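For reference, the chains in residue letters:
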Amino acid sequence: MELPDFDSPAKLRDMLEGNGWAMQKKFGQNFLVSPGVRGKIIDLVDLREGIDAWEIGPGVGSMTSLALDRGAHLIAFEIDRGFVTMLNGFFAGFPPERFEIVQGDVLKTWRSESERRGVPDRIFGNLPYNIAATLIADFVESGILPERMVFTLQKEVAVRMAAKPGTADYSSFSALCASAYTVKYEFEIKRGSFWPIPRVDSAAVSMVRRETPLASRDRGLFLALIRGLFASRRKTIRNNLRSLSALNTLAAPELDAAMGAAGVDPAARGETLSVEEMASLADALSDVMKRGER
Ligand code: SAM
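Please read these numbers as outputs of a predicted model, since none were measured by experiment.

> It is not clear to me how the sheet that holds strand β2 (residues 52-56) should be interpreted in this structure. Could you clarify?
Sheets are built from strands paired through backbone hydrogen bonds, the pairs being either parallel or antiparallel. Reading across from one edge, β4-β3-β2-β5-β6-β9-β7 is the order of the 7 strands in this open sheet, with mixed pairing throughout. Each edge of the open sheet carries a strand with a single partner, namely β4 (99-103) and β7 (181-189). Going across the sheet, the axis of each strand differs from the next one's by a mean of 20°, ignoring polarity. Examined bridge by bridge, strand β3 (residues 73-78) and β4 share 5 bridges and lie parallel to one another. Bridging across to β4, Leu 74 finds its partner in Phe 99. Here helix α7 (residues 155-162) sits on the sheet in contact with β6 (148-154), β7 and β9 (202-209), set at roughly 135° to β6.

Dropping the structure here:
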């Protein structure tokens, strides 16, 4: 099957209608019809021969085609059966060691793929807005940490991901991403770069894995703390820790001792802490808990 003209909404519409493939609004199907933007994104992904890459939501295959041109071994995760049939037709010339599609909801399929094939070198995608933050958080929380990830997202989500401590946009999601990645807000993407035109603004973000992703002695506690410190943004760190169920075995003086050991001001707000400080606090809390168990 011949590749369609990815830059022309009219030709894409004709191709879809001609094959009886209806667009499905519930799957957030907005295609990047700007070749300039596609080129900038694929450059950020930094693909070359031998690189294992995952693409989330290939749609009609415009980014897929660029990734395959650059020699990557590509696994594409797509929920829409019609698109899967279409993509299999477009890229039939590629053997399975270069290109495969996993059909289904990526939130449910990615874990078994990572167990089977290991962690890829790259993950990229123009993500459906309703699953973007959940999917990225799932990867980082599960320790699925490719060297580089590049996503197109709703602009507000991109801003939150890259936000720094002490700013209004800094959230548990920013801290979680920063625990393993250097996150960069790359550029805004105008609504007109997509077809159909979406109702929200978009942006590209890159995530480059830290040389040493932050680890704490108790990962479960570290993740609970990242969430708990932002549970109520108006509360102090001390009060947010007191409400955290993972810490309910600790009395107030023990919590204060852990904050003291980590050099954290109990009266400050969680949003002022860097993720490094959160990791130190998780370690100090874990030490205090262990002392209590003896
Ligand atoms: N990559 C294409 C592009 O940039 O033009 C299409 C991007 S479109 C915003 C999102 C794509 O993700 C669609 O192809 C949609 O069918 C697919 N999708 C939506 N929800 C999904 C899910 N839960 N799992 C896998 N794919 C999904």
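> What am I meant to see in the packing of helix α11 (residues 252-262) against helix α12 (residues 275-293) here?
Pairs of packed helices are described in terms of their axes, by the angle between the two and the distance that separates them. One can describe the packing of α11 onto α12 by two numbers: an axis separation of 8 Å at closest approach and a directional angle of 135°. Our classification of the angle between α11 and α12 gives oblique. For the crossing formed where α11 meets α12, the hand is right-handed. Across the interface between the two elements, Glu 254, Leu 255, Ala 258, Met 259, Ala 261 and Ala 262 from α11 touch Ser 280, Leu 281, Ala 284, Leu 285 and Val 288 from α12. A breakdown of the residues in the contact of α11 with α12 according to their chemical character gives 9 nonpolar, 1 polar and 1 charged.

> Explanation requested: the site of the ligand in the structure shown.
Taken together, 22 residues surround the ligand, and among them Gln 29, Gly 57, Glu 78, Asp 105 and Asn 126 come closest. Between the ligand and the protein, one listed contact pairs an oxygen atom with a backbone N or O atom of Leu 32 at 2.9 Å. One of the backbone nitrogen or oxygen atoms of Ile 79 is found 3.3 Å away from a nitrogen atom of the ligand. Comparing atom positions with the cavity grids shows the ligand to sit within the largest pocket. Contributions of two or more residues to the shell around the ligand are made by β1 (31-32) and β3. Taken together, the residues of the shell around the ligand break down into 10 nonpolar, 8 polar and 4 charged.

Cut-offs applied
- Residues numbered from 1 in each chain as written.
- Predicted model: local features only at pLDDT ≥ 70, side-chain atom pairs only at ≥ 80, totals over all residues.
- Heavy atoms only, no water.
- Pairing = 2+ DSSP bridges.
- Helix = DSSP H or I, 4+ residues; strand = E, 2+ residues; numbered from the N terminus.
- Axes fitted to C-alpha atoms, helices over the stretch in contact; angles between N-to-C directions.
- Contact = heavy atoms within 4.5 Å.
- Parallel < 35°, antiparallel > 145°, perpendicular 65-115°, else oblique.
- Left-handed = near helix turned anticlockwise from the far one by under 90°.
- Nonpolar A, V, L, I, M, F, W, Y, C, P; charged D, E, K, R; others polar.
- Near = heavy atom within 4 Å.
- Polar contact = N/O pair within 3.5 Å; in protein donor to acceptor, adjacent residues only side chain to side chain.
- 1 Å grid on protein atoms, 1.4 Å probe; cavity = no way out; pocket = protein on both sides within 12 Å on 5 of 7 lines; lining within 4 Å.
- Sits in = over half its atoms within 2 Å of the grid points.

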